[in-house]
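Tertiary structure, described
Residue strings, one per chain:
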Amino acid sequence: MRDIELSLNQTQKIRLQRSLDKLQSLSSTSNCNSSVTVADTIPVNYEDGVLKGHGTSELEGEVIATVCGVVERVNKLVYVRSLRSRYKPETGDIIVGRIVEVSQKRWRVEINSNQDAVLMLSSVTLPDGIQAEVRNLQHDGTWQLHARSDKRKQHFHQLDQYGVLLILGCNGYVWVGELIEAKDSMETDDVKESEKTNADSSLEVSEQSYTAAETRQNICRIANAIRVLSILGFNITIELILEIVNLSTSLNLDIHDMLGAEFCVAVAEKEAERRST
């Protein structure tokens, strides 16, 4: 989605660059991050103990970068976050994928990785709360998935006020769809009995199965909020998504105007102001 180009006028370019520079300055100050290329030395404090993570190696007593990216530090762990890379599955990751091939016993799933994953039909739990999770690595290098019914809060977000279910996949894909509440068995039996005895009632139930216009608008607004974050290169979190949605509604902005240059600049300015405080 970063391929979307903004048509910025000169004033907007200056405002956007000023906001991005401020964000970069705040990020560097708070996290002590630095950009590195292959073979660059990463300064560390050996007295506190160092754990070398992804993208690092040790050479002649120094920690060096093995990939291009940004140095990240979490307590004693030092690693390099690649600027652009394909998703590398880890067992237990919650992911969002696209079915690209259907066969008798399995589905092939595109998961934003170097290879497609495999989802066996025997590993699918139906009908409610389906989620794909990385299971294990096969001998041929493909990753096998399975579906589980227990949801994880850090990836699944039920936005009841909007009637939307939001899934943030570990592989960089996002699902935005209607939040469908499961009906109890009593309500289901009543609907079935009504369908059998009353044609008008059956038609009414059928009409109610369509997604309401307000919910469809909410889905589009949330999806555009995610696109704005992607265009600006910001981390996609539930908090930022909701902030952008609230900002667009407070400005009485039409959904399609959220992808305009002025709103993207306003989001960058607001995020810079929020982080500085």
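Residues numbered from 1 in each chain as written. Predicted model: local features only at pLDDT ≥ 70, side-chain atom pairs only at ≥ 80, totals over all residues. Heavy atoms only, no water.

In summary, the side chains of a regular strand alternate between the two faces of the sheet. Bridging between strand β2 (residues 51–52) and strand β6 (residues 77–82) involves two bridges; their strand directions are parallel. Bridged to Leu 51 within β6 is Leu 77. With six bridges connecting them, strand β5 (residues 69–74) and β6 associate as antiparallel partners. Residue pairing across strands places Val 74 opposite Leu 77, the latter belonging to β6. (Pairing = 2+ DSSP bridges. Helix = DSSP H or I, 4+ residues; strand = E, 2+ residues; numbered from the N terminus.)

Further remarks concern the confidence of the model for the chain. A residue-level look at the chain finds 77% of positions with pLDDT of 70 or above and a mean pLDDT of 80. Every residue in residues 183–192 scores below 50 in pLDDT, and together they form two contacts with partners more than four places removed in sequence or on other chains. (pLDDT = per-residue confidence, 0-100. Contact = heavy atoms within 4.5 Å.)

Okay, the sheet that holds strand β1 (residues 35–36) next. Across the sheet, four strands lie side by side as β1-β5-β6-β2; this open sheet has mixed pairing. Here the strands that pair on one side only, and so sit at the sheet edges, are β1 and β2. Pairing of β1 with β5, which is carried by two bridges, proceeds in the antiparallel orientation. The residue bridging Val 36 from the neighbouring strand is Gly 69, located in β5.

Taking 1.5 Å as the rise per residue, helix α6 (residues 261–276) with 16 residues should run 22 Å; its terminal C-alpha atoms sit 23 Å apart, in good agreement. Turning to α6, its buried residues are Ala 261, Phe 263, Cys 264, Val 265, Val 267, Ala 268, Glu 271 and Ala 272. (Expected span 1.5 Å × (residues − 1). Buried < 20%, exposed > 50% of the residue type's maximum accessible area, 1.4 Å probe, protein only.)

Our focus in this paragraph is the side chain of Ser 19. With respect to the helices and strands, the residue Ser 19 is situated in helix α1 (residues 10–31). The buried category is assigned to Ser 19, whose relative accessible area is 7%. Ignoring any residue separated from it by four or fewer positions in sequence, one finds Ser 19 in contact with Ala 268, Glu 269 and Ala 272.

Moving on: unusual backbone geometry. The phi angle of most residues is negative, glycine excepted, and most peptide bonds adopt the trans form. Its identity as a non-glycine residue notwithstanding, Ala 39 has a phi of 80°, on the positive side. Note that Ala 39 resides in the loop between β1 and β2. At Asn 112, a residue that is not glycine, the phi angle is positive and equals roughly 65°. Its place among the elements puts Asn 112 in the loop between β9 (106–110) and β10 (117–120).

Now for the sheet that holds strand β15 (residues 174–178). If you walk across this open sheet you meet the three strands as β13-β14-β15, and the pairing is antiparallel. Lying at the two open borders of the sheet, with one neighbouring strand each, are β13 (156–159) and β15. For this sheet, the mean angle separating the axes of adjacent strands, direction not counted, is 15°. Note that β13 and strand β14 (residues 164–168) share four bridges and pair antiparallel. (Axes fitted to C-alpha atoms, helices over the stretch in contact; angles between N-to-C directions.)

Okay, the nonpolar core next. The biggest cluster of nonpolar side chains holds 29 residues, and the ones touching the most others in it are Ile 222, Leu 232, Ile 241 and Ile 244. Breaking this core down by element, the ones donating at least two residues are α1, β14, α4 (213–232), α5 (238–250) and α6. With seven residues, α4 is the single largest residue contributor to this core. By size, the runner-up hydrophobic cluster in this structure holds nine residues, among which are Tyr 87, Val 109, Leu 119 and Leu 145. (Core = buried A, V, L, I, M, F, W, Y, C linked by side-chain atoms within 4.5 Å.)

This part covers the packing of aromatic side chains. Overall, the coordinates contain zero aromatic pairs when judged by the stated rule. Its end group placed over the ring of Phe 234, Arg 275 keeps NZ or CZ at 5.8 Å from the ring centre. (Phe/Tyr/Trp six-rings, centres within 6.5 Å; stacked < 30°, edge-to-face > 60°. Lys NZ or Arg CZ within 6 Å of the ring centre and 35° of its normal.)

What follows deals with the pattern of salt bridges. Under the criterion given, the structure shown has nine salt bridges. The salt bridge involving Arg 81 is made with Glu 72; its shortest N-O contact spans 2.8 Å. By relative accessible area, which is 14% here, Glu 72 ends up buried. (Salt bridge = Lys/Arg side-chain N within 4 Å of Asp/Glu carboxyl O.)

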